[in-house]
Amino acid sequence: MQQDIVIVGGGAGGLELAARLGRRFGPVEGRRRVLLIDRSIFHLWKPTLHEVAAGSLDSHQEGLSYPVLARRNHFSFAFGELAGLDAAARTLSLAPVLGEDGRELIPERTVAFGTLVLAIGSGSNLFDTPGAAEHAHLLENVADAEAFNARLTAAFLAAAWSEHHALSIAIVGAGATGVELSTELIEGHDELSAGLTESQRFGLTVTLVEAAPRILGGLPERVSDKAARALGAKGVRILTSARVERVRSDGLETSQGFVPSDLIVWAAGVKAPRSNRDYGLQIGRLNQFIVDDRLRTSAAGVYAMGDCAEAPGPDGRPVPARAQAAAQQAAYLARALGRPDSDPGPYVYRDRGSLVSLGGDRGVGSLMGALGGPDFLIEGLLAKWAYMALHLDHHRAIIGVRRTVLLAVSRLLHRRVSGRLKLH
Ligand SMILES: Cc1cc2nc3c(=O)[nH]c(=O)nc-3n(C[C@H](O)[C@H](O)[C@H](O)COP(=O)(O)OP(=O)(O)OC[C@H]3O[C@@H](n4cnc5c(N)ncnc54)[C@H](O)[C@@H]3O)c2cc1C
């Protein structure tokens, strides 16, 4: 298989890039110039994984099939997992695809490329914490989120029919993921409780455990304070300056004492897989591919973007692993690779601010360089809408405005009819 541009990873950044380039080039003499490869057959925007985990988003309804997106945006799609790279020969290899019974469905393949873009995302940083890999749930992909949801459903049922009528969940890491997951869990429990008899109702304790002195450490202090107050009002227990020393099956040993928990979610830190070291590219401390200010890796013709890349940021620190950075880099590379005869200049990350959902119709965050100046506080319904706008913008880039509106309306109607909580 020989392709002009190959993109590996169809996530928040890679899929937007494939769609932009596919539409830009269109089919040339019946041939598509862009090939997208992903190890999943459907796309789900990663920032919604906590909703899948809490049961408020149906991944099968929300997910979009790559082959359909490929047809509509004039790129090709191949299902497969990156297993090797020979940058000098401009070839990559995809691992054999096995069926559930272990039989080989697709043999190992080699793909030749003119230009390669690595957009394979990242994973969690467990900071070598003993027991974390064994006892904590991660939220790295749809399978993780669904696995947690299955455990949550079972735990809800067990708590409703158990004698002590109590369930405790600990979330390690009070960044956006931890905060948003905690509110989704509380609201899901509220909806469930309203449908249970008095004797089945049970108490839910959600504890957010954070090593830093405040939650949402990457956001302005005012935003942290507002979010902490909103979480407190919902009944979320917040434990700051608490370093997790060991994860056990029954809870967390922290620098501030033991936190008993039936379920544990690890939502702290980002680290790319060790396998990134096997591709012969220059790698950073967090196993990300080191790129220059044009998103070029150490190998000619190979670019990296999004969470898998360590790109230089304007403040001297690497560009943060965020969906808005992945989307900006997709737009930049679409210009750089889509119009190779014009120089797009270096890529500069622009922090547009951060928004966090506090469940229901509330959000909080700050917008940078917009409206009221460099750091504009936004909250309530307006913040929630701005938060949702980022998601809609992603869909607009891959399915267009009309389909995005239809999708948003259908999701809204579905929620109205079925309720927000899905336990099946
Ligand atoms: C629960 C949660 C909430 C978040 N909320 C926000 C938010 O509110 N705002 C924000 O800015 N960011 C948020 N983030 C971070 C955001 O999701 C990421 O920064 C963003 O998805 C990165 O985009 P990406 O394209 O680099 O990688 P991803 O979106 O992770 O996509 C990577 C893709 O590569 C594929 N892949 C991986 N390995 C391979 C392989 N070896 N071979 C083939 N395919 C492969 C995967 O299947 C996936 O499709 C959140 C993250 C999580 C987990």
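Residues numbered from 1 in each chain as written. Predicted model: local features only at pLDDT ≥ 70, side-chain atom pairs only at ≥ 80, totals over all residues. Heavy atoms only, no water.

### Observations regarding the site of the ligand
Lining the immediate surroundings of the ligand are 29 residues, of which G13, D38, L82, D307 and A323 lie closest. At 2.8 Å, a backbone N or O of G13 approaches an oxygen atom of the ligand. One of the side-chain N or O atoms of D38 is found 2.6 Å from an oxygen atom in the ligand. Examining the composition of the shell around the ligand, we find that three residues originate from one element, helix α9 (residues 323–338), more than from any other. (Near = heavy atom within 4 Å. Polar contact = N/O pair within 3.5 Å; in protein donor to acceptor, adjacent residues only side chain to side chain. Helix = DSSP H or I, 4+ residues; strand = E, 2+ residues; numbered from the N terminus.)

### Things to note about the domain arrangement of the protein
Domain parsing of the protein yields domain 1 (2–122 + 272–338), domain 2 (132–266) and domain 3 (353–418). Taken over C-alpha atoms, the centre of domain 2 sits 24 Å from the centre of domain 3. With 15 residues of domain 2 at the interface, the matching set in domain 3 holds 15 residues. When domain 2 packs against domain 3, close to 1,200 Å² is buried across both sides, 62% of that on carbon and sulfur atoms. When the buried surface of domain 2 facing domain 3 is broken down by residue, E180, R222 and K226 rank first, second and third, together holding 36% of it. (Domains from an automatic or database assignment. Contact = heavy atoms within 4.5 Å. Buried area = accessible area lost by both parts, 1.4 Å probe.)

### Some words on the sheet that holds strand β16 (residues 251–254)
Remark on secondary structure: sheet strands pair via backbone hydrogen bonds, oriented parallel or antiparallel. The antiparallel open sheet is built from three strands, whose spatial order is β15-β16-β17. In this open sheet, the two strands that pair with only one neighbour each are β15 (244–248) and β17 (257–260). Between one strand and the next, the sheet's axes are offset by a mean angle of 20°, whatever the strand orientation. Inspection of the sheet shows β15 paired to β16 by four bridges, in the antiparallel sense. Bridge pairing in β16 links V244 to T254. (Pairing = 2+ DSSP bridges. Axes fitted to C-alpha atoms, helices over the stretch in contact; angles between N-to-C directions.)

### What about the side chain of S122?
Its place among the elements puts S122 in the loop between β10 (109–118) and β11 (123–124). In this structure the side chain of S122 is engaged in a polar contact, spanning 3.3 Å, whose partner is the backbone oxygen of K271. A polar atom in the side chain of S122 sits 3.2 Å from the backbone nitrogen of A272. Residue contacts for S122: discarding those within four places in its chain leaves K46, V270, K271, A272 and D307.

### Observations concerning the pattern of salt bridges
Under the criterion given, the structure shown has 17 salt bridges. Close ionic contact of E187 with K234 constitutes a salt bridge, the shortest N to O distance being 2.7 Å. Placement of E187 in helix α7 (residues 176–194) and of K234 in helix α8 (residues 221–234) is noted, with a sequence separation of 47 residues between them. Note that E253 and R248 form a salt bridge whose closest N and O atoms lie 3.0 Å from each other. One salt-bridge network, held together by shared partners, links R246, R248, D250 and E253. (Salt bridge = Lys/Arg side-chain N within 4 Å of Asp/Glu carboxyl O.)

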